[in-house]
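Commentary on secondary and tertiary structure
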Amino acid sequence: MSAGARRGVLPGFGLSTGFTVLYLCLVVLVPLSAVALRSSSLGWEAAWSVVASPRALASYRLSFGASLAAAAANVVLGGLVAWVLARYRFPGRAVVDALVDLPFALPTAVSGIALTAVYGPTGWIGRHLEAAGVRVAFSPLGVTLALTFIGLPFVIRTVQPVLEDPDPEVEEAAAVLGASRWQTFRRVLLPALLPAAITGFALAFARALGEYGSVVFISGNMPMRTEIAPLLVMTRLEQFDYAGAAAIATVLLGASFVLLLAINRLQAWTRARAGAA
Amino acid sequence: MTAPARSLAEVERGPRTAPPRPAAVPEPPPRRARRATEDPPAVRWALVAVALLFVGAFVLVPAATVVAEAVRGGVALWWKALVDPDALAAVRLTLLVAAIAVPLNALFGLAAAWSVTRFRYAGKSVLVSLVDLPFGVSPVVSGMATVLLFGAHGWLGPWLLAHGVKVVFAVPGIVLATVFVTFPFVARELIPFMEAQGVEEEEAALVLGATGWQILTRVTLPNVRWSLLYGIILCNARAMGEFGAVSVVSGHIRGVTNTVPLQVEILYGEYAFQAAFAVASLLFVLAVVTLVAKQALEWHHRPRRPTVLRSAP
Amino acid sequence: MSIAIRDVHKAFDATPVLRGVTLEVPDGELVALLGPSGCGKTTLLRIIAGLEAADAGEVRHDGEDVSARSARERNVGVVFQHYALFRHMTVEENVAFALRVRKRPRAETAARVAQLLRLVQLDGLKGRYPQQLSGGQRQRVALARALATEPRILLLDEPFGALDARVRQELRRWLRRLHDELHVTSVFVTHDQEEAFEVADRVVLMNAGRVEQVGTPAQVFEEPASAFVMRFLGAVNAFKGWVEGDRAFVNGLDLELVAPASAAHRARAHVFVRPHELDIHRAPVPGSFAASVERVLPLGAAVRIELSAPGVGGAVEAELDVRRSEALALAPGDTVHLAPRRVRVFPSREDELDSLTASAL
């Protein structure tokens, strides 16, 4: 019996799998390993001095901190938008639903200049915030704002399908059993939403961590204050310090890997939960 | 209400006279009980208001700003910024890059989805996770990977340069970086869709005597066409709008290696705000077209879960 | 075309699904693979079609080993469980598919398709898409499509599974008539005993990856080869007991056996009596045991009596025709005497007890 037939009887296994693996290696794996290998060419100590330099540490703090804050904001506000979109009918709902995808579809450079124009010191909204003593542009707050913008679709689009589940029986059962609306939400709906919300959080966080385009315009790029890690990589590259850039990039890559693994697990969890329901 | 005691016979025949009514009391308006799954109106409207405010401030206002700023100096000025030779060169380059990257990744997506959803083999789940990888990687790091491989000091760069092929700070580098960044889009759409569709139709075609190519073109492609198109639209949007990765490899040579997003950055950096927003409005239109196409596809052919699933053996 | 399967084994991810299946299907016969879900019947069908490769063993069509031939080259007609109609093609295009991929001349294809659509009585619906058809119509399209290339083997996977009861009845008879017309060797998978008995010439009973018995419907029902077959086909009263020579004992009760069991000395056994082979008497008769009536359930032509018989260890079911039931005028609480007309005994193995209790009683 041929081994191939055990995989399935349709033709094209060798061709499709071969092409997939080859393409994956050429386009993704080889370039990414180049990054990791290049940083190792520095040697441990030199690499460490780059990776752990005060300026690099400040950039990680900003990148991780702002990304966490943005993802958290998205869980709360995005979760709320998902709830409203899935549960209520109100004028303009279709428009809001379509707008949610805009941060995903809009090129990041455009998002960057648009956000700066709105929230900059002379912008439509920034002007009023400035007057109230809140500085958005050229501050960590601006970075967080931009990252919240680009992460906005992730939580909404992962939570929304769970909320749209057309089976109201569970909620009705809770109501019949004497739960108030708030109790039903907290004890029945929220636990069911949790896997999706955490997945959305992780997706938004991962996206924010690597984001570049929408941040660089509004952040002002001041070293130690508003310089995100991807920008530091860019700066090193512009100075042709490839090894130094690769070292910091490797830190970012490591974080991406961990997040990707976590997201995979989370999605499996979400599916398992959805399947069990 | 107390009814006077009546004999059974009376009840059966019905009262001869109307029972005395209590004095007329204004009845309370019939109060409809809220359904158990409904929220109080106040809560509903408060939540809707917060959602509108959030989406408005974060999405609608910035989007409106792009349009407003683009035409601030009048439509003539907007048009002038668009037909600027550098801007036109950027548009041409962006179209070229997308025209190469999107078909390549569509082909890859189809091959990957066919391999992963039509066969059983070890390592399949690893392959699927690796497809997602570029989503998690910072665009700057993606672009940098291209530089490290093909740059003047990279692994292959010197050899390529010696043979007259310039990759980094030239069009090939931009294409490579874009291919990397847009790599997962089509595969991500097709894999779950084809998984859900199952293999029965392809098996039926095989039993009926179709060759591999005939199965692909006559059964699989017609079935996945909307899903494939959806993936291509998303892939194209990202390919044309990519900024970070392309920014690393392009070298920002005006009229030569500037894509539209890079042109926006340059103009903005030169404080040519109006021109920057004018060019950005092109990308805004791209985003709107993408969203409209996405909505239309979802409306017409919502990738519903087909009921036909492969029966477990 | 005859089908011969010899010692076929198949496992999915180290879970054995077929454990040495051997089966012959003579040319022109209509055979049902019958068994509970998970017994491996669909996998066996897919191996015959070439949609799955066996891990070991061989499959012969007309004496020729086809194990190495792909599904594409076997020219076997398959009707899939959910029909697998090409949803973007019309009825006509679906039926014509096999001929078109073989690049047959247009005129020939058109004539053949028209003929097939007449055969399945769908000529009026040839321009429809599968979504616009009812379940029964889809099933007939699938059948016409499978027959397009005049295959000499037709395989059907749960062909009536997805249909509602009335349509199922009609299609069963129709399939039987069609088979009598075409005489194509056919194998169909089902978990429904009634369906298998009504349609098939012979029934193959499968359980846990093995063939338990092959025979005509009457044979397998009257002479079940194993405790599994006994339990799977129709309702049954099952007791645990012993067998010795031609006598069976349940809790000290002495029952006469219809056929001598193989056990020469005392052995543990499953003792079975079908409800309709259990007579009810008001007074004791030789070989009867006492029971009390719990419930009387009229089921139309028959009446089911639920009884409790402490002598044989609990609940017993009997089935009488209406007239007999009226004559007895049974009421809950009555004490009656049960006399089995026919008792079947199968030696019990320790390991099979669980799977037996799990399967349909």
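Model, not experiment: these values are computed from the prediction.

Bringing the environment of Gly65 of chain A into the picture now. Topologically, Gly65 of chain A is positioned in helix H4 (residues 54–87). Exposure remark for Gly65 of chain A: the relative accessible area of 34% places this residue in the partly exposed category.

Bringing the domain arrangement of chain A into the picture now. All names here are of chain A. Domain annotation for chain A reports domain 1 (12–41) and domain 2 (43–276). Using only C-alpha atoms to locate each centre, domain 1 and domain 2 end up separated by 28 Å. Across the contact, seven residues belong to domain 1 and nine residues belong to domain 2. Of the roughly 610 Å² buried between domain 1 and domain 2, counting both surfaces, carbon and sulfur atoms make up 69%. For the domain 1 face of the interface with domain 2, the top three residues by lost area are Val35, Arg38 and Ser39, together amounting to 66%. Where domain 1 touches domain 2, the interface holds zero salt bridges.

What follows covers the packing of aromatic side chains. Within the structure shown, the criterion is met by 25 aromatic pairs over all chains. Look at Phe240 of chain A and Tyr242 of chain A: their rings are 6.3 Å apart centre to centre, the planes differ by 50°, and that puts the pair in the tilted class. Of the residues examined, Phe240 of chain A reaches a relative accessible area of 56% and is grouped as exposed. The class for Tyr242 of chain A is buried, based on a relative accessible area of 7%. A ring pair is formed by Phe272 of chain C and Phe346 of chain C, whose centres lie 5.8 Å apart and whose planes are at 55°; its orientation type is tilted. One end of the pair, Phe272 of chain C, is in strand E14 (residues 267–273); the other, Phe346 of chain C, is in strand E20 (residues 344–347), and 74 residues separate them in sequence. One exposure class covers both Phe272 of chain C and Phe346 of chain C, and it is buried.

Turning our attention to helix H3 (residues 106–119) of chain C. Helical periodicity: at 3.6 residues per turn, an α-helix aligns residues three or four positions apart in one direction. Residues and elements named next belong to chain C. With 14 residues, H3 extends 20 Å from end C-alpha to end C-alpha; this agrees with the ideal 20 Å at 1.5 Å per step. Taken as a whole, H3 has its buried residues at Thr109, Arg112, Val113, Leu116 and Leu117. Projected down its long axis, H3 shows its buried positions confined to an angular sector of 135°, all on one face. Exposed and facing more than 90 degrees away from the buried side of H3 are Ala107 and Arg118. Packed against the buried residues of H3 are helix H2 (91–101) and helix H4 (135–147). Downstream of H3 by a residue or two, Gln121 has a phi angle that is positive, lying close to 60°.

On the surface, Val30 and Leu37 of chain A together with Trp155 and Leu156 of chain B cluster together to form a nonpolar patch covering roughly 360 Å² of accessible area. You can see Trp155 of chain B is positioned in the loop between helix H6 (139–150) and helix H7 (157–162).

Here is what the cut-offs are and how they apply
- Along each chain, the written sequence defines residue order, and numbers are assigned to residues from 1.
- Note on labels: chains are lettered from A, ligands numbered from 1, in written order.
- Since the coordinates come from a predicted model, pLDDT governs what is reported: local features require at least 70, and pairs of side-chain atoms require 80 or more to be given and counted, while whole-chain, interface and lining totals use all residues.
- Each side-chain value is derived from all of the structure's non-hydrogen atoms; neither hydrogens nor water enter the calculation.
- Labels follow the DSSP assignment, with helices taken as runs of H or I lasting at least four residues and strands as runs of E lasting at least two, numbered in each case from the N terminus.
- The rule is simple: take the accessible area with a 1.4 Å probe, protein chains only, and divide by the maximum for that residue type; under 20% is buried, over 50% is exposed, in between is partly exposed.
- The split into domains, and so the bounds of each, comes from an automatic or database assignment of domains.
- Note on contacts: a residue pair qualifies if any of its non-hydrogen atoms lie within 4.5 Å across the two residues.
- Buried area is calculated as the accessible area (1.4 Å probe) missing from two parts once they are joined, with the contributions of both summed.
- In what follows, salt bridge is the name for a side-chain nitrogen of Lys or Arg lying within 4 Å of a carboxyl oxygen of Asp or Glu.
- To pair, rings of Phe, Tyr and Trp, with the six-membered ring standing in for Trp, must have centres within 6.5 Å; the planes then decide the type, stacked if under 30 degrees apart, edge-to-face if over 60, and tilted in the middle.
- One fewer than the residue count of a helix, multiplied by 1.5 Å, yields its expected span.
- Relevant arc is that of directions from the helix axis to the C-beta atoms, nothing else.
- Patches here are clusters of residues that have more than 30% relative accessible area and form no salt bridge, with a 9 Å joining cutoff for like charges and a 5 Å cutoff for nonpolar side chains (Val, Leu, Ile, Met, Phe, Trp, Tyr).
- Every accessible area reported is derived by Shrake-Rupley at a probe size of 1.4 Å, with residue values counting cover from the shown protein chains alone.

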